[in-house]
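Analysis of the macromolecular model
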Amino acid sequence: MATERSYVSYATAAVAVAAIPLSFVGPEGLRLAVIGLLMLAGPGTALVLLLRFDPPRSAQATGALPLSIAIAIAFSLAMSTLVATAMIYARLWSPPAAVCLLSALTLVFLGIELKRPKRALVRAK
Amino acid sequence: MTHETATSLPVRSAHRHEAHAHVGGAKPPTHRNLGLTPSWHIGALAAAAAAALALGVWSMNQVNPFQIGGAGLIDALPPAYFVALALSLAGFVASLSLRRLVPALLTWQLLVTVVLLDGADPIIHGLPRLEASFRHLGIADTISQSGQLDPTLDAYFNWPGFFNVLGMLSGATGAKDLFGIATWAPVGINILLLAPLLALARRLTANPRQAWAAVWIFYVASWIGQDYLSPQAYSFLLLLTLIACLLSVFGGWAWPTERTRFSRWLARSVSKLDSSVPRYGAAEPHRADTAILVVVCALILLAMTASHQLSPFAAIPILAALLLTGRLRLRFLPVLAVVLPVGWLLFAASTFVEGHFGQLLGSLGDIGANSLGALSNRVSGSDAHMFVVYTRMAEVALVWVLAVAGAIVGYRRKAPWLAAAAAALAPLVLIPLQPYGGELLLRLYLFSLPFAVCLAVLPLMSDSAAGLSLRRALALLLMGAVLATATVVSRYGNDGMESFNDDEIALVNHLYATAPTGSVLIEAVRNTPWRYQHYADYDYRALVAAEPIPNAAPLSCDAANQIAHKAGAYLIVTESQQEAAELRGSTPTGDLQRFTATCATSPGWTKVFENAGGVIFHIEGVSNGN
């Protein structure tokens, strides 16, 4: 499980880092895939990793994977919405800057997760 | 994903199993009582789903779009499609009947079902469904390019959250054409709904089998078709996640149940009606993480408020229902759910409110007009279309009858039912507010469906976490087959008018290439795949809405001439406009062909371009010398 978490963390960090230069330049298909993925699931995945929504190994455990995935996607979309909407109303519209902001948020969550004590924080029933 | 076995029973069932073990004495572990399923069973079911997918996609590729008639896609689908659908449904029920639930297998089978039921438009037509999809792309394009909102243009710019996200995606990737995303949106959105639906069903049902079955019924009964690239689909995803998160993390009473007479009475009544204490699917994060999740829920609510007019208002009664049934302990959240959309209406959407005050409040309290009145308007059109309309009504009735039966069964069996019933009924309180353009009942069905399906599974499934009996499995399969077939009819019943072809897109592109910026562009019937670019650059008009009009008058050239009188105009008539007019009864039968033929010879009318998708005319105005 810890290994899977690490893979997800590395993949999320890679998407967040790659999205920064790609928001300015790059092949359209690659930009669409990476930035689309970041907006769809980047900050939320980092947040869910921070919250440790992983299934504990108790007798009653059913896992919190559906809830984790749902929150990862909804939070990412919500942050994308709020960042873009704030920029529009503040007349500071800059899509590349908005992507950089989402990347930074993702990396900050991943950084906090890295520093957090490694123990199960959620008990799913 | 973990394997969901008998170990994931609700507490009550688990105790029952322990008791059985004691009575029966110690048994040596065998293949059977360990609940193991031979791997080849799992492999065979996965392969059957793959075969269903391949057959389904192949059969949809055989469809000739010109054969799609008044009853929609069902006219043109080959028998192989129904074999694929049956195989996919039977495979899912077989997986649900295994002693050990295999979430990866069930997920794969649900994905196949989603592609078969929701992927017909992208596979057959290869273009976005509904003219609204094209408009939505245009709004995103406008925002992306200008970085500004013009709230006077239309209502969308007063709730711009979803379009800002699309604009951001387009602006940050340099992708000017999001047609691919819009085309595959119905499949993508339904796949994204899987996780929140499952998380929600886990908290509203007694065991994993019921939860998976509820999600399956949702997909086979979801015919509304609001899952295109739209703010409502986006907000629905956010809404389901919000409620799933609240039920999973913030369950329980919001106040001490012994504090006042009312709270004592409420708790006693709830306990009497539904004494089950569902623990299945609940999560208990630490205090700091709980605080973070409160903020997450508030942010999701805010994003939903910024994106769609109706969804945040649907959230209010659902949250209130959960609060009053002891399933939501955050009492401030329903208050926030009221404050945010009302605040948005007063401040961010004030331009819209000022311009539409009468429209917003004109039908307040008129329950008849907002419900049966709006419904009866839709029960009209050609005979084939009436068949589709009646199928839709029958499907809704079947889901609700099953849900009511489920509530009764849940009450008798002491299985969880009250929260699902309260949340399913809660959106109906919106009926007195306004008809929402005649679509309110459709939207309310969609808001209720995730909860209603958690009840609908109860009569067909036992509360035991063990596999389904043959009788129950057959009953579930029969119900799934009836609903899925009805969904093929009802979801794609308007396919003739809701789908478009490359010729029509070429026609619209020619219009944009020909008409100078600022021109008046007229569509004969409001059903044209346009505005995906130049959303704010032209003055778009329509001669007639694609709505049922009793005793509709024939279209006259004068109506177009009047619009073009000042500075001239371009008129576009497309194949899909004709389909819409015939299906909905917006004009008399065959009137659009007559209109085109008659007006083509009128003075001042010049045919600019024509192809298999339609025709463009230029109508000269006074300033053009006629």
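Refer to the structure presented above.
Residues numbered from 1 in each chain as written. Chains lettered and ligands numbered in written order. Predicted model: local features only at pLDDT ≥ 70, side-chain atom pairs only at ≥ 80, totals over all residues.

Another point: the overall build of chain B. For chain B, the helix and strand inventory stands at 26 helices and six strands. Seen along its three principal axes, the alpha-carbon backbone of chain B occupies a region of about 100 × 55 × 50 Å. Among the 626 residues that make up chain B, the fraction classed as buried is 53%. Sequence-distant contacts, at least 24 apart, represent 79% of the contacts inside chain B between residues at least 6 apart. (Helix = DSSP H or I, 4+ residues; strand = E, 2+ residues; numbered from the N terminus. Buried ≥ 20, exposed ≤ 12 C-beta atoms within 10 Å, placed from the backbone. Contact = placed C-beta atoms within 7 Å.)

As a further point, take the overall build of chain A. In terms of regular secondary structure, chain A is built from four helices and one strand. Secondary structure of chain A in N-to-C order comes out as α-α-α-α-β. Classification of the 125 residues of chain A by burial places 49% in the buried group. For chain A, long-range pairs separated by at least 24 residues make up 74% of all intrachain contacts whose partners lie at least 6 apart in sequence.

With that settled, the discussion passes to the interface of chain A and chain B. With 43 residues of chain A in contact, the opposing surface of chain B contributes 50 residues. Going through the elements one at a time, α2 (28-51), α3 (65-89), α4 (95-115) and β1 (122-124) of chain A are the ones with two or more residues in the side of chain A that touches chain B. It is α3 of chain A that contributes the most residues to the side of chain A that touches chain B, 17 residues altogether. Among the residues forming the side of chain A that touches chain B, the class breakdown is 31 nonpolar, eight polar and four charged. (Nonpolar A, V, L, I, M, F, W, Y, C, P; charged D, E, K, R; others polar.)

A word on the packing of helix α2 (residues 39-61) of chain B against helix α4 (residues 103-118) of chain B. All names here are of chain B. It is the contact of α2 with α4, at a shortest axis distance of 10 Å, that shows an interaxial angle of 10°. Comparing the axis directions of α2 and α4 gives the class roughly parallel. Here α2 and α4 pass one another in a crossing that is left-handed. Judged by residue contacts, Ile 42, Leu 45, Ala 46, Ala 49, Ala 52, Leu 53 and Gly 56 of α2 engage Leu 105, Trp 108, Gln 109, Val 112, Val 115 and Leu 116 from α4. Broken down by class, the residue content of the contact of α2 with α4 amounts to eleven nonpolar, two polar and no charged. (Axes fitted to C-alpha atoms, helices over the stretch in contact; angles between N-to-C directions. Parallel < 35°, antiparallel > 145°, perpendicular 65-115°, else oblique. Left-handed = near helix turned anticlockwise from the far one by under 90°.)

All names here are of chain B. The backbone of Lys 414 sits at a positive phi, close to 60°, despite the residue not being glycine. Mapped onto the elements, Lys 414 comes out in the loop between α18 (383-413) and α19 (418-425). The partly exposed category is assigned to Lys 414, around which 13 C-beta atoms lie within 10 Å. Phi is positive for His 534, which is not a glycine, with a value near 55°. For His 534, the location among the structural elements is in the loop between β2 (520-525) and β3 (539-544). A tally of 17 C-beta atoms within 10 Å means that His 534 is categorised as partly exposed.

What follows covers the nonpolar core. Nonpolar side chains in soluble globular proteins tend to be buried together. Val 215, Ile 217, Leu 238, Leu 246, Ile 300 and Leu 455 of chain B are the most contacted members of the largest nonpolar core, which totals 241 residues. Not counting the four nearest positions on each side in its chain, Ile 217 of chain B is found in contact with Val 453, Ala 456, Val 457, Gly 480 and Leu 483 of chain B. (Core = buried A, V, L, I, M, F, W, Y, C linked by C-beta atoms within 7 Å.)

Where α3 of chain A meets helix α10 (residues 231-249) of chain B, the closest approach of the two axes is 9 Å, and the angle between their N-to-C directions is 130°. With respect to α10 of chain B, the axis of α3 of chain A lies oblique. Of the two possible hands of crossing, α3 of chain A and α10 of chain B adopt the one that is left-handed. Each of Leu 67, Ala 70, Ile 71, Ala 74, Leu 77 and Ala 78 of chain A in α3 of chain A lies in contact with α10 of chain B, whose residues at this interface are Leu 237, Leu 238, Thr 241, Ala 244, Cys 245 and Ser 248 of chain B. The residue makeup of the contact of α3 of chain A with α10 of chain B, split by class, is ten nonpolar, two polar and no charged.

The quantities given are spatial measurements derived from coordinates; they are silent on function.
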